[in-house]
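# Analysis of the macromolecular model
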Amino acid sequence: MSEDDPYDLDSGPDPATFAAAEPEPPIEEANNPVYGVGIGPGNLEYLTPRGLRAIQEADVVVGFQTVVDFVADETDADLLTCGYADEADALNEFAERVADGERGTAVLMGDPNHSGYQFLGKVQQVVERPVKAIPGISSLQIAASRARTPMEDTRFVTLHKSGSLDADLDRLTEVVGERHLLVLPRPFDWMPGDIAKLLLESGADRSLEALVLERLTHDDEQITRTTLGELRESAGGSGPESTPYSDLSVLAVRAPVTLEDD
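Given the structure is predicted, the values throughout are model-derived calculations rather than measurements.

### As for the sheet that holds strand β6 (residues 154–158)
Taken in spatial order, the five strands make up an open sheet running β6-β7-β10-β8-β9, and their pairing is mixed. Each having just a single partner strand, β6 and β9 (222–227) make up the two edges of the open sheet. Taking each pair of neighbouring strands and ignoring which way they run, the sheet shows an average axis angle of 15°. Inspection of the sheet shows strand β8 (residues 209–214) paired to strand β10 (residues 249–253) by five bridges, in the antiparallel sense. Across the sheet, E214 pairs through a bridge with S249, a residue of β10. Along the sheet, helix α7 (residues 166–173) makes contact with β6 and β7 (180–184), crossing β6 at roughly 160°.

Structure (structure tokens):
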């Protein structure tokens, strides 16, 4: 991308749809790929060796400030950090440097396959070359372990994205009480209390066990064990002061489990 012809991140298809439009190219066809690395939940013990190597071998690393901060000491690459306001500028600079032959790596929190497709798609749109995703250990996987909700018995929904959430919320209400739920809330308009309120209004049992798992794998990890009925009391509001829970939270709602004798 040139400075005279930057990519407009607000035009074209939804970036997540763009990222998922087709499979990755075969490894042998990926000439000098860009890597999209899931760094895990922020505790570097959960960063995979392959992901670390892609970060260490990069000439330039791009990502949101909070994500890059976790890996800044692990690489000598130039770091291009951004927030939502200057995301386009950082990605266009990243694309220009990759086009000039530099090795590029984009970093995402957790696993690109869990809520990371919008950023992954934006990277893929600007670099005009193969983007290889390197999965990470996500907070979702840690939450499933802590809450003992096997993935095959669980409905997972991420609300941590822009746009309408109607279809995602419907996927929760249609199985609550029948399958375990794992939900990534959206700060701060769809936090655990708001999700509990919706589930109860859809007919869910207020006694269903709920766990709010915050800052998983960090020293200040906290798990609140409650019920949907009690959790609903924290519904409402749209800012950090309106909820007792962190923006780094996963909500688990457990379906009843019956132990049968042999």
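### Some words on the UniProt feature "domain: Tetrapyrrole methylase" (unreviewed entry) in the chain
Within this numbering scheme, the UniProt entry marks residues 34–231 as carrying the feature "domain: Tetrapyrrole methylase" (unreviewed entry). A helix fraction of 35% and a strand fraction of 23% characterise residues 34–231, whose end C-alpha atoms lie 42 Å from each other.

### Quick look at the packing of helix α4 (residues 87–99) against helix α5 (residues 117–127)
Where α4 contacts α5, the two axes come as close as 9 Å, and the packing angle between them is 45°. Compared by their axis directions, α4 and α5 come out oblique. Handedness of the crossing formed by α4 with α5: right-handed. Only F119, K122, V123, V126 and V127 of α5 make contact with α4, whose side of the interface consists of E87, L91, N92, F94 and A95. Here the residues of the contact of α4 with α5 are counted per class, giving seven nonpolar, one polar and two charged.

Criteria and cut-off values
- Residues numbered from 1 in each chain as written.
- Predicted model: local features only at pLDDT ≥ 70, side-chain atom pairs only at ≥ 80, totals over all residues.
- Heavy atoms only, no water.
- Pairing = 2+ DSSP bridges.
- Helix = DSSP H or I, 4+ residues; strand = E, 2+ residues; numbered from the N terminus.
- Axes fitted to C-alpha atoms, helices over the stretch in contact; angles between N-to-C directions.
- Contact = heavy atoms within 4.5 Å.
- UniProt positions renumbered as here; feature names shortened; annotations may be inferred.
- Parallel < 35°, antiparallel > 145°, perpendicular 65-115°, else oblique.
- Left-handed = near helix turned anticlockwise from the far one by under 90°.
- Nonpolar A, V, L, I, M, F, W, Y, C, P; charged D, E, K, R; others polar.

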